[in-house]
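Working through the structure, step by step
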Amino acid sequence: MVKTQIQAAVAVATGSPLAVQVLVVLGLLAAGFAYFRFLDGKTHRTSAKAGK
């Protein structure tokens, strides 16, 4: 039982493979870019209406 806990701790400490980490980072960057692009489009429309 202790051996399986040690193996689980080592697996968590070593982390994911580099390819998985790169894909996660790229996915998060793409999601952030899309979110702020959408948010930016919303703020321009409301500020244009408020200025008129």
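Details of the structure are given in the entry above.
First, a word on scope: everything that follows refers to the structure included in this document. (Residues numbered from 1 in each chain as written. Predicted model: local features only at pLDDT ≥ 70, side-chain atom pairs only at ≥ 80, totals over all residues. Heavy atoms only, no water.)

1. Concerning the overall build of the protein chain
The test is simple: Every helix listed is a DSSP run of H or I at least four residues long, and every strand listed is a run of E at least two residues long, numbered separately from the N terminus. Residue burial is assigned from relative accessible area. The probe radius is 1.4 Å, only protein chains are included, and a residue is buried under 20% of its type maximum, exposed over 50%, and partly exposed in between. Here the accessible surface of atoms and residues is derived via Shrake-Rupley with a 1.4 Å probe, and residues count as covered only by protein chains that are part of the display.
When you go through the protein chain residue by residue, the secondary structure sums to 2 helices and 0 strands. When burial is assessed residue by residue, the protein chain has 0% of its 52 residues classed as buried. Per element, the accessible surface of the protein chain, about 4900 Å² overall, is 73% carbon and sulfur.

2. Considerations on the packing of aromatic side chains
The test is simple: Each aromatic pair joins two rings of Phe, Tyr and Trp (for Trp, the six-membered one) with centres within 6.5 Å, and gets the label stacked for planes under 30 degrees apart, edge-to-face for over 60, and tilted for any other angle.
A full pass over the atoms with the stated rule returns 1 aromatic pair. Aromatic pair Tyr 35 and Phe 36: ring centres 5.2 Å apart, planes at 75 degrees, arrangement edge-to-face. For Phe 36, a relative accessible area of 54% gives the class exposed.

3. Here's the deal with a nonpolar patch on the surface
Definition in use: Patches here: salt-bridge-free residues with over 30% relative accessible area, like charges joined within 9 Å, nonpolar side chains (Val, Leu, Ile, Met, Phe, Trp, Tyr) joined within 5 Å. Salt bridges, as used here, are contacts in which a Lys or Arg side-chain nitrogen is within 4 Å of a carboxyl oxygen on Asp or Glu.
Together, Leu 18, Val 22, Val 25, Leu 26 and Leu 29 give the surface a local cluster of nonpolar side chains, amounting to about 490 Å² of exposed area. Note on placement: Val 22 falls in helix α2 (residues 18–51). The exposure class assigned to Val 22 is partly exposed, which follows from its relative accessible area of 41%.

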